[in-house]
Amino acid sequence: MNDALALPVGTTLDRFIMRKQEDFPYATGELSQLLRDMALAAKIVSREISRVDQDTSGKFGKTNVQGEEQQKLDVIANIRFIRALRNGGEVCAIVSEEDEDIIHTGNQNAKYIVAMDPLDGSSNIDVNIPIGTIFGIYRRLSEGGQDGTLEDCLQKGTQQAAAGYILYGASTMLVYTTGRGVNGFTYEPSLGEFFLSHPDIKIPKNGKQYSCNEANMGHFPLGIQNYIAFCKEQKYSSRYIGSLVADFHRNLLKGGIYFYPGSSKNTAGKLRLLYECNPLAFIAEQAGGQATDGVERILDKQPSALHERCPLVIGSTEMIEKVRKYMTL
Ligand code: P6P
């Protein structure tokens, strides 16, 4: 992180992106523009969520590739992000939780791939619980002048050029990294701008809160069950609202651990490696935390399918290390 370029709270996202581009001497501006495109879509989705009405609330009436019931806003958010990325011109292919196959944008000379969950936790919309968008950005491996390839999309998390999330909560926040720290921006709807509100976020090394669905406890690996028992002995607080981005964001700022482990019901767990685990793992590590599947580093995993699932344990370093000990006893 180039401290000389430390920018004051209140800097706009646009100015921040422009100044931070100077950290990358060979940058030619495409990634900067891509981040702006994501921010534009985030503003539009934030507006759609804040004015949910009978046209946008409730079920869409179909299921997505995961077999999950789509909410109308899932579809709206997916369309908005795909449109912003297609029109922005910097992305040749998109992997979305809402689409089984790769979405080719037609920008065949574009350098980047985006893997995204356009609206995670959308079943919480109708009960006004915060929800989020998660995205990871990769450089294409294939030559320009053609559509992005499956190989372009199945890269390890270590290959991400950038990653971020948008949290649609009491306020809308964009949190992202390009590999030089993590910064958070809060959206001011009256001005239509994101402003730097959380510069250089660092996750506390330890925490006293854990996030998991304890109803599944009996199906968790024994090591996880033993770690949860340890948390209870330590009198930690259980904090789980069933919305990954919201749970992760709270733990990122306050310290804590979120886990959605594999279980006897589903050995790979529920969350997807490409567009949920990898982006959040990149952010967690850049903020001084860790992310594993219980034992192995998430970012080192080689994806073999677009929508493959992966157990996730993510948050404060000392808590992750403790889980690793319980998992390897
Ligand atoms: P469960 C939402 O569907 C989600 O993907 C995450 O946002 C959330 O943490 C998790 O699933 C909740 O899953 O099985 O506890 O309801």
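Residues numbered from 1 in each chain as written. Predicted model: local features only at pLDDT ≥ 70, side-chain atom pairs only at ≥ 80, totals over all residues. Heavy atoms only, no water.

The name an unreviewed UniProt entry assigns to the protein is Fructose-1,6-bisphosphatase class 1, from the organism Rufibacter radiotolerans. The UniProt entry for the protein carries the following comment under Catalytic activity (unreviewed entry): "beta-D-fructose 1,6-bisphosphate + H2O = beta-D-fructose 6-phosphate + phosphate". Check the Subcellular location (unreviewed entry) section of the UniProt entry for the protein; it says "Cytoplasm". (UniProt positions renumbered as here; feature names shortened; annotations may be inferred.)

A.B. asks: Even after reading the chapter, I still don't get the site of the ligand, so can you show me in this structure?
C.D. replies: Around the ligand, a shell composed of D120, G121, N213, Y240, G242, S243, L244, Y258, Y260, K270 and L271 is seen. Contact between the ligand and Y258: an oxygen atom at 2.8 Å from a side-chain N or O atom of the residue. Within the side chain of Y260, an N or O atom sits 2.6 Å from an oxygen atom of the ligand. Notes on the ligand: free accessible area 400 Å², of which the protein chains cover 80%. (Near = heavy atom within 4 Å. Polar contact = N/O pair within 3.5 Å; in protein donor to acceptor, adjacent residues only side chain to side chain. Areas by Shrake-Rupley, 256 points an atom, 1.4 Å probe, with all protein chains shown as cover.)

A.B. asks: It is not clear to me how the pairing of strand β8 (residues 172-177) should be interpreted in this structure. Could you clarify?
C.D. replies: One face of the sheet, then the other: side chains in a regular strand alternate in exactly this way. With six of its six residues buried, β8 lies for the most part within the structure. Burial of the side chains of β8 extends over both faces: T172, L174 and Y176 are buried on one face and M173, V175 and T177 on the other. Relative to β8, strand β7 (residues 160-168) is paired through six bridges, and the arrangement is antiparallel. By the bridge assignment for β8, Y165 is matched with V175. Linking β7 back to β8 in an antiparallel pair, the connection comprises three residues. One ladder, built from five bridges, connects β8 with strand β9 (residues 182-188); its direction is antiparallel. The partner of V175 across the bridge, within β9, is G184. (Buried < 20%, exposed > 50% of the residue type's maximum accessible area, 1.4 Å probe, protein only. Helix = DSSP H or I, 4+ residues; strand = E, 2+ residues; numbered from the N terminus. Pairing = 2+ DSSP bridges.)

A.B. asks: Could you clarify how one ought to interpret the UniProt feature "binding site: Mg(2+) 2" (unreviewed entry) in the protein in this entry?
C.D. replies: In this numbering, the UniProt entry assigns the feature "binding site: Mg(2+) 2" (unreviewed entry) to D117, D120 and E276. Despite a sequence span of 160 residues, these residues sit close together in the fold, their greatest C-alpha distance being 8.7 Å. Mapped onto the secondary structure, D117 falls in strand β5 (residues 112-120). On the basis of relative accessible area, D117 is assigned to the buried category, the value being 0%. Tracing the chain through its elements places D120 in strand β5.

A.B. asks: Explanation requested: the state of the cysteines in the structure shown.
C.D. replies: Working definition of a disulfide: a covalent bond connecting the sulfur atoms of two cysteines. By the definition in use, this model includes zero disulfides. No disulfide involves C231; its nearest neighbouring cysteine sulfur is the one of C212, lying 8.0 Å away. A relative accessible area of 0% places C231 in the buried class. C277 supplies the cysteine sulfur nearest to C310, a cysteine that is in no disulfide, at a spacing of 4.6 Å. Residue classification places C310 among the buried residues on the basis of a relative accessible area of 2%. (Disulfide = S-S within 2.5 Å.)

A.B. asks: Can you walk me through the pattern of salt bridges in this structure?
C.D. replies: Charged atoms that come close allow side chains of opposite charge to pair. Tallied over the full model, the rule gives 12 salt bridges. Across the salt bridge formed by K202 and D200, the nearest N and O atoms sit 3.8 Å from each other. For K202, a relative accessible area of 49% gives the class partly exposed. Put simply, K301 and D293 hold a salt bridge, and the shortest N to O gap is 2.8 Å. With a relative accessible area of 23%, K301 lands in the partly exposed category. Salt bridges sharing partners connect three or more residues here, namely E97, R272 and E276. (Salt bridge = Lys/Arg side-chain N within 4 Å of Asp/Glu carboxyl O.)

A.B. asks: I keep staring at the sheet that holds β5 and nothing clicks. Help me out?
C.D. replies: Across a sheet, paired strands are connected by hydrogen bonds in the backbone, their directions being either parallel or antiparallel. Strand order in the open sheet formed by eight strands is β4-β3-β5-β6-β7-β8-β9-β10, and the pairing between neighbours is mixed. The outermost strands of the open sheet, each flanked by one partner alone, are β4 (103-104) and β10 (193-198). Where β5 meets strand β6 (residues 131-139), seven bridges bridge the pair, whose relative direction is antiparallel. Residue pairing for β6: M116 is matched across the bridge by F135. Strands β3 (91-96), β4, β5, β6 and β7 of the sheet are contacted by helix α3 (residues 72-88), whose axis makes an angle of about 160° with β5. Sheet contacts for helix α6 (residues 244-254): β5, β6, β7, β8 and β10; angle to β7, the most-contacted strand, approximately 105°. (Contact = heavy atoms within 4.5 Å. Axes fitted to C-alpha atoms, helices over the stretch in contact; angles between N-to-C directions.)

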